[in-house]
Amino acid sequence: AGARLNYFERLGTFLVEPRLNINHKLSNTFSLNLQGEFKNQTITQFVDLNDDFLGVENRRWIVSDGTTIPIIKSKQVSLGFQYKNSGWFIELNPYYKEVEGIITESQGFTSQNQFDGFIGSSTAKGMEFLVNKRINNSNVWASYTYGRQNYLFKAISSEDFSSNFDITHTLNVATSITVLENWKLASGIQFRTGRPYTKPVEGQETYQDGNFTRVNYGDLNVERLPSYMRLDASTSYDFKFGDTRELSISLGVLNILNKKNILLRYYEVSPENINEAIQIEKTSLALTPNISCTYKF
């Protein structure tokens, strides 16, 4: 058990961050771990997703002022179960987390609330499962995460709604094999459900705001992007020169199946018809080979 006392001179505020970590060995193979902590953050990252500069989003950190940019306060607890025996490692870890003081501009909104500066909170709950097995010169592991993350911005909605980063299911499976002492192979596949996004109102996609025409968005984050899936593989070989020099060459291929994975979807007013909204998508890399060399001396 412990605690950290912070004094923020600019805000004239004291904050205490207690933490607790309990680990209990149930047997030679099973153990139990309970963790809980409070954390505070006095800087907030603002994310501008508008394409003002070659489509690159702008990120900047701003210090809290205690009013329009509050201190971010979080508290979380997790309960972990672990099993270790005969090359097996299995872990189950349920968790719960609350965060207060988040701002819409730090949460990657692409709807009408992107630059409103509303202050709210979020809750996240779920569980993480990991299984790992070592077999001679190979290592196989798989992980699965179930999680739900919701926002509550009372200035936007009286009820909570799905976070922009809410990914309900995530599955990773990977393996690595040491073929020779200096030759290794590895591959992995990742699958996850799509993130939420907001669509314009059907039949009334835009509206007039003074001299500006804007996208008329519907209910927040009730739609989902398609699922994400990516298969990767790599190999590496080490050339040794004497006792201290070594050349490592690695070859890899990202997204072997060349899947089109949509990372972000938002809308803009059509330049050809102001009564229509056009859909903009940002996708991950297509099939991408790469090579790297490292020389140690």
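(A) Geometry of the pattern of salt bridges. Scanning all chains against the criterion turns up nine salt bridges. Residue Lys 39 is joined to Glu 37 by a salt bridge in which the shortest nitrogen-to-oxygen separation is 3.8 Å. Looking at Lys 39, the relative accessible area reads 44%, which means it is partly exposed. The structure contains a network of salt bridges with shared partners spanning Arg 148, Asp 166 and Arg 224.

(B) Representation of a nonpolar patch on the surface in the model. Among the surface-exposed residues, Leu 20, Ile 22, Leu 34, Val 77, Leu 79, Phe 81, Leu 92, Tyr 96 and Phe 129 lie close enough to one another that they form a single nonpolar patch of about 670 Å² accessible area. Elements that contribute at least two residues to the nonpolar patch include exactly β2 (13–25), β6 (72–85) and β7 (88–103). For the nonpolar patch, the element with the most residues is β6, which contributes three residues. Of note, Leu 92 is situated in strand β7.

(C) Spatial organisation of the nonpolar core. Grouped together as the largest cluster of nonpolar side chains are eight residues: Ile 72, Val 99, Ile 102, Phe 109, Tyr 151, Phe 153, Phe 161 and Leu 220. Residues within four places of Ile 102 in sequence aside, it is in contact with Gln 107, Phe 118, Ile 119, Gly 120, Ser 121, Ser 122, Tyr 151 and Phe 153. If you look at the next biggest cluster of nonpolar residues, it comprises seven residues, including Val 215, Ile 262, Tyr 267 and Ala 277.

(D) Main features of the side chain of Asn 164. Looking at the secondary structure, you find Asn 164 in the loop between β10 (161–162) and β11 (169–180). In this structure Asn 164 comes out as buried when scored by relative accessible area, which is 5%. A polar contact is formed between the side chain of Asn 164 and the backbone oxygen of Gln 107, at a distance of 2.7 Å. Here Asn 221 takes part through its side chain, which lies 2.9 Å from a polar atom of the side chain of Asn 164. Apart from the residues within four sequence positions on either side, Asn 164 is in contact with Gln 107, Gly 108, Phe 109, Tyr 151, Arg 195, Pro 196 and Asn 221.

(E) Inspection of the packing of aromatic side chains at higher detail. Summed over the entire model, instances satisfying the criterion amount to ten aromatic pairs. Between Tyr 151 and Phe 153 the ring centres are 5.5 Å apart and the planes differ by 65°, which places this aromatic pair in the edge-to-face class. For the residue pair Tyr 151 and Phe 153, the accessibility class agrees, reading buried in each case. Each ring, one from Tyr 151 and one from Phe 161, has its centre 5.8 Å from the other, and the planes form 70°; the classification is edge-to-face. Taken together, the positions of Tyr 151 in strand β9 (residues 138–152) and Phe 161 in strand β10 put the pair ten residues apart, joining distant regions of the chain. Taken individually, Tyr 151 and Phe 161 each receive the classification buried, so the pair is uniform in this respect. Here the aromatic cluster, defined as three or more aromatic residues joined through ring pairs, consists of Phe 109, Tyr 151, Phe 153 and Phe 161. For the cation-ring pair, Arg 192 lies above Tyr 228, with the distance from its terminal atom to the ring centre recorded as 3.9 Å.

(F) Representation of the pairing of β6 in the model. When strand β3 (residues 30–41) meets β6, the two strands line up antiparallel, connected through twelve bridges. Within β6, the residue paired with Asn 40 across the bridge is Lys 73. When β6 meets β7, the two strands line up antiparallel, connected through eleven bridges. Residue pairing across strands places Gln 76 opposite Lys 97, the latter belonging to β7. From the end of β6 to the start of β7, which pair antiparallel, there are two residues, and Ser 86 there has a positive phi angle of about 55°.

(G) Representation of the side chain of Ser 64 within the structure. Looking at the secondary structure, you find Ser 64 in the loop between β5 (58–63) and β6. Within the local environment of Ser 64, its side chain forms a polar contact with the backbone oxygen of Pro 70, the two atoms lying 3.2 Å apart. Setting aside residues up to four positions removed in sequence, Ser 64 forms contacts with Arg 10, Leu 11, Gln 41, Thr 42, Ile 43, Ile 69, Pro 70 and Ile 71.

(H) Molecular detail of the pairing of strand β14 (residues 206–209). Looking at chain direction, β14 and strand β15 (residues 212–215) are connected through four bridges and run antiparallel. Bridged to Tyr 207 within β15 is Arg 214. Taken together, β14 and the strand that follows it, β15, pair antiparallel across an intervening segment of two residues, in which Gly 210 is found at a positive phi of about 65°.

(I) Region of interest: the environment of Arg 224. When you line up the elements, Arg 224 lands in strand β16 (residues 223–224). On a C-alpha basis, the gap between Arg 224 and Thr 193 in space is 8.3 Å, while along the polypeptide they are 31 residues apart. Ignoring sequence-local partners within four residues, the contact set of Arg 224 consists of Arg 148, Ser 162, Asp 166, Ile 167, Thr 168, Gly 194, Arg 195, Pro 196 and Tyr 197. Among the polar contacts made by the side chain of Arg 224, one reaches the side chain of Asp 166 at a distance of 2.4 Å. Among the polar contacts listed, one links the side chain of Arg 224 to the backbone oxygen of Gly 194, at a separation of 3.0 Å.

What counts, and where the lines are drawn
Position labels on residues start from 1 in each chain and follow its written sequence. Totals for whole chains, interfaces and linings use all residues, but because this is a predicted model, local features are given only for residues with pLDDT of at least 70 and pairs of side-chain atoms are given and counted only at 80 or more. With hydrogens and water excluded, all non-hydrogen atoms of the structure serve as input to the side-chain values. Salt bridge criterion: a side-chain nitrogen from Lys or Arg within 4 Å of a carboxyl oxygen from Asp or Glu. When accessible area is computed with a 1.4 Å probe and restricted to protein chains, residues below 20% of their type maximum are described as buried, those above 50% as exposed, and intermediate ones as partly exposed. By definition, no residue in a patch forms a salt bridge, and every one has over 30% relative accessible area; like charges are joined within 9 Å, nonpolar side chains (Val, Leu, Ile, Met, Phe, Trp, Tyr) within 5 Å. Surface accessibility in these figures is a Shrake-Rupley result with a 1.4 Å probe; residues are shielded only by whichever protein chains are displayed. Only DSSP runs of H or I covering at least 4 residues are called helices, and only runs of E covering at least 2 are called strands; the numbering of each starts at the N terminus. Residues belong to one nonpolar core when they are buried, are Ala, Val, Leu, Ile, Met, Phe, Trp, Tyr or Cys, and are joined through side-chain atoms within 4.5 Å. Residues are treated as being in contact if the distance between any of their heavy atoms lies within 4.5 Å. As used in this structure description, the phrase polar contact means that two N or O atoms lie within 3.5 Å; if the pair is within protein, one of them must be able to donate a hydrogen and the other to accept it, and residues adjacent in sequence are counted only when both atoms belong to side chains. Between rings of Phe, Tyr and Trp, where Trp is taken as its six-membered ring, a pair exists when centres lie within 6.5 Å; planes separated by under 30 degrees are stacked, by over 60 edge-to-face, and by other angles tilted. We call a charge positioned over a ring when the NZ of a Lys or the CZ of an Arg lies within 6 Å of the ring centre and within 35 degrees of the ring normal. Here a strand pair is declared whenever DSSP counts at least two bridges between the two strands.

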